[in-house]
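Structural features, examined
Below are the chains, spelled out letter by letter.
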Amino acid sequence: MKSYLEQLSEQRSLTEAEMESAVTQLFSEEISDSEMAAFLIGLKMKGETVDEILGLVKVMRRFAMSFTDEISNVIDNCGTGGDGSKSFNISTTSAFVMAGAGLTVAKHGNRSISSKTGSADVLENLGVNFNLPKEASEEILERAGITFLFAPFVHPKVKRIMKVRKDLRIPTIFNLIGPLTNPVNLDYQLLGIYRRDLLQMFAEVLLRLGRKRAIVLNGAGHMDEASLQGENHLVIVDQGTITTKILLPEEVGLGTYTNKDIVGGDAKENAEILRSILNGEHGARRDTVLLNAGLGIYTAMKADSIEQGIELAKESIDSGAALNKLEQLIELSKRYQQEVI
């Protein structure tokens, strides 16, 4: 570890292999909290590279709960959080709409860290049990087309690193890489990030992780979701190529709203908002979900365009399919919980 700390202090980047070696040491008991903190600060001060992010992600996934490779065409739409928008849980709501449109969704998420309410807080309030063995999560994913993977549960080795991060009280690389560490082998990914300057870098990481298609986006107002407020900046990974796009809501037949129109509340309030949208509520919140779910449907190659993806998202809600996916997840997760007890 000493040599890696010296490299970072001299503003020299690590190779992917060096990063894998360093992060493997972080997960060991041999590294002190001070060394761990110095490593994270050194990376932050230097500025992380594609190789360094990729090395970290590979080690995180190696130490994570192992999932089968038999389930294919899986997508995740987890974002980084950290945008300070206080919006309701857009990606969590969108995940059910995507599943209702026929996608297989392995939703990776956590409790609230930087925002008021995390995906886990909302789903728990809705009655979803996510402390499940991998076999149960895999079967739920196969039967319902959607499952929730609670980050601390599927990444048990990061507990000590989380403590150091909390003590540091400043954002580090771990505030960004959560969506990249889904333990399921994803084919597709819709990843919102609050830092527009990192869009290209994350697209390159997803390309090297082998995604068939992925979209990394930063919304209007620098949200980690697509927003109806104005310009959404997209970087699209598609069959080995990377392109950029600026998307306006009017281009896909949606109205314009401010980000204040989609502010949420605590876990109970956001759970009620999620249900109301799936039950057919109209307005800014529904349209925001349509945009984000439509992007996910397009990403997973279920639609030939973003506009068609939005139409399929509307059908998912209006037919009751999205709400049915929520009810299935609640029922199946509770059933497995009772079996474990």
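One can find the structure itself at the top, above this paragraph.
Residue numbers here run from 1 along each chain, matching the order of that chain's written sequence. In keeping with the predicted nature of the model, local features appear solely for residues at pLDDT of at least 70, side-chain atom pairs appear and are counted solely at 80 or more, and the whole-chain, interface and lining totals rest on all residues. As a rule here, side-chain values come from all non-hydrogen atoms in the structure, and water together with hydrogens is ignored.

Digging into the side chain of R213
Heads up, the condition is: Starting at the N terminus, helices and strands are each numbered in turn, a helix being any DSSP run of H or I of at least four residues and a strand any DSSP run of E of at least two. Here a polar contact is recorded for every N or O atom pair within 3.5 Å, except that within protein the pair must consist of a potential hydrogen donor and a potential acceptor, and residues adjacent in sequence are included only if both atoms are side-chain atoms. We call two residues contacting when some pair of their heavy atoms lies within 4.5 Å.
Mapped onto the secondary structure, R213 falls in strand β5 (residues 213-218). Within polar-contact distance, the side chain of R213 engages the backbone oxygen of Y298 at 2.5 Å. The residues contacting R213, other than those within four sequence positions of it, are D187, Y188, Q189, V237, D238, Y298, T299, M301 and A303.

Overview of the sheet that holds β5
Put simply, the test is: At least two DSSP bridges between two strands are needed for those strands to be called paired. Between N-to-C directions, angles cover 0 to 180 degrees, with each direction set by a line fitted to C-alpha atoms, over the stretch in contact for helices.
In spatial order, the strands read β3-β2-β1-β4-β5-β6-β7; together these seven strands make up an open sheet with mixed pairing. Each edge of the sheet is formed by a strand with only one pairing partner; in this case those strands are β3 (146-150) and β7 (241-247). Ignoring strand direction, the axes of neighbouring strands in this sheet form an average angle of 15 degrees. One ladder, built from two bridges, connects strand β1 (residues 74-76) with strand β2 (residues 104-109); its direction is parallel. Residue pairing in the sheet places I75 in a bridge with V105 of β2. Strand contacts of helix α5 (residues 90-100): β1, β2 and β3, with the helix running at about 165 degrees to β2, the strand carrying the most contacts.

Some thoughts on the packing of aromatic side chains
Threshold: Ring pairs shown here join Phe, Tyr and Trp side chains whose ring centres sit within 6.5 Å, with only the six-membered ring taken for Trp; geometry is labelled stacked below 30 degrees between planes, edge-to-face above 60, and tilted in between. Working definition: with a 1.4 Å probe on protein chains only, accessible area under 20% of the residue-type maximum means buried, over 50% means exposed, and in between means partly exposed. Whether a charge lies above a ring is judged from NZ of Lys or CZ of Arg, which has to be within 6 Å of the ring centre and within 35 degrees of the ring normal.
Under the defined criterion, the tally for this structure stands at three aromatic pairs. Where F130 meets F148, the ring centres are 5.3 Å apart and the plane angle is 65 degrees; that geometry is what we call edge-to-face. Separated by 18 residues along the polypeptide, F130 in the loop between α6 (119-126) and α7 (134-144) and F148 in strand β3 bring together distant segments of the chain. A single burial state applies to F130 and to F148, both of which are buried. Measuring from centroid to centroid gives 4.7 Å for F130 and F150, while their planes differ by 50 degrees, and the two rings are tilted. Highlighted residues: F130 in the loop between α6 and α7 and F150 in strand β3, separated in sequence by 20 residues. With respect to class, F130 is no different from F150; both count as buried. A connected cluster of aromatic rings, assembled from ring pairs, spans F130, F148 and F150. Positioned over the ring face of Y298 is R213, at 4.3 Å from the centre of the ring.

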